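Structural features, examined
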Amino acid sequence: MIEDSQKKYAHLPLIPEETLKKRHDLDSLARKRAAANAEGPGRQRRRLPNGKKAVYVIKPETLISLARSRRNHAIRFARVQKKGMQKRASNKPIIASKEIVDPNDASNTIQVKYQSNSVGAKTCVFVIRIRGHEGLPRSTRSVLKEFRLRNQHDGVFVKYDEITRKKLHLIEPWVIYGIPSKSVVTDLITRRGFVTSEEKERIPLSDNVTVEKALGEKHGLICVEDLIHEIYEVGSAFEAASKFLWPFRLADSKSEFQRKTLRLKDGKQYGDQGEAIDEFIQQVL
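Residues numbered from 1 in each chain as written. Predicted model: local features only at pLDDT ≥ 70, side-chain atom pairs only at ≥ 80, totals over all residues. Heavy atoms only, no water.

The next subject is the nonpolar core. Counting residues in each nonpolar core, the largest one holds 32 residues, and the members touching the most others are Phe157, Leu188, Ile189, Leu227 and Ile231. Sorting the residues of this core by element identifies β3 (125-129), α6 (182-192), α7 (208-219), α8 (224-233), α9 (238-244) and α11 (277-284) as the ones contributing at least two each. Looking at which element gives the most residues to this core, the answer is α8, with 5 residues. With residues near it in sequence (within four places) discarded, leucine 188 still touches Phe126, Phe157, Gly193, Phe248, Leu250, Ile281 and Leu285. Residues Val80, Leu136, Leu170 and Ile171 belong to the second largest nonpolar core, which totals 21 residues. (Core = buried A, V, L, I, M, F, W, Y, C linked by side-chain atoms within 4.5 Å. Buried < 20%, exposed > 50% of the residue type's maximum accessible area, 1.4 Å probe, protein only. Helix = DSSP H or I, 4+ residues; strand = E, 2+ residues; numbered from the N terminus. Contact = heavy atoms within 4.5 Å.)

Inspection of every chain in the model, using the stated rule, returns 3 aromatic pairs. On the basis of an interplanar angle of 55 degrees and a centroid distance of 4.8 Å, the ring pair of phenylalanine 126 and phenylalanine 157 is categorised as tilted. One end of the pair, phenylalanine 126, is in strand β3; the other, phenylalanine 157, is in strand β4 (residues 154-158), and 31 residues separate them in sequence. Comparing phenylalanine 126 with phenylalanine 157 shows no difference in burial state: the two are buried. Ring geometry for phenylalanine 157 versus phenylalanine 248: centroids 5.5 Å apart, planes at 90 degrees, classification edge-to-face. On the criterion of sequence distance, the pair formed by phenylalanine 157 in strand β4 and phenylalanine 248 in strand β8 (residues 248-249) is long-range, its members being 91 residues apart. A relative accessible area of 6% places phenylalanine 157 in the buried class. According to the relative accessible area criterion, phenylalanine 248 is buried, its value standing at 2%. (Phe/Tyr/Trp six-rings, centres within 6.5 Å; stacked < 30°, edge-to-face > 60°.)

Right, let's talk about the sheet that holds strand β9 (residues 271-274) for a bit. The strand order across the open sheet built from 5 strands is β8-β4-β3-β5-β9, with neighbouring strands paired in mixed fashion. The two strands at the open ends of the sheet, each matched to only one other strand, are β8 and β9. As paired strands, β3 and strand β5 (residues 175-178) are joined by 4 bridges and run antiparallel to one another. In the strand pairing of β5, valine 127 is matched with tyrosine 177. (Pairing = 2+ DSSP bridges.)

Our next topic: α11. Listing the buried residues of α11 in full gives Ile277, Asp278, Phe280, Ile281 and Val284. All buried residues of α11 lie within an arc of 160 degrees about the axis, which places them on one face of the element. Next to the buried residues of α11 lie β3, β5, α6 and β9. (Arc of directions from axis to C-beta.)

Structure representation (structure tokens):
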């Protein structure tokens, strides 16, 4: 009997069990989404079996921890503002080294030197906000708003001078920044670039005409290459060019699996990274 059934289905292709489970999960997810869309547009709140809306309870411990975080960050903000710089910061460029794979021989590694801070940067600095609004004091929020970093994972180009350096020290636990290479600047603008249209709307940077209309007559920038050069070299029209670009909306450096399953949190990698910022930007592009 078993042999007859095996012969009957022998011509059918074998499908791995993992593929069948994945199909089942995708089908169940599609059914849930279809049911949610049938209820009406917008985000639907979870309902209890008796039809009442679910009540979300915030634990007192959560409120206390957020209040302590705001208080500690406010104290740190006042201390750094009084001193003018971070306690662990340096006024001189710091040269570090790292191991990379030898491009000529993949089995070997070589030591490469790089600048691990942004002191003395002759080009622009790219700043990314890595934390959300939880535990954010009002003083730090105002500085983040000056940099146009209103949301988590937003990134902007800034001119690195003494005033900007002091402001970056004030918000250092909330951002990561460094000196990007020209290739990374090009990738950011061409792949993630959005600009302000004539109607003051956010549109993708898709052609040279948009750049020429906004910056051609006043600043002489007529194409995307001119915009990239002006941003990277911090030219005379850098402020106008950086404001013309909307804040870059980047991806999360950690996947959903890392956050929910491994429970990896933000805050371990932050602050001034110098030339090592290229690796972080490549992760979130």
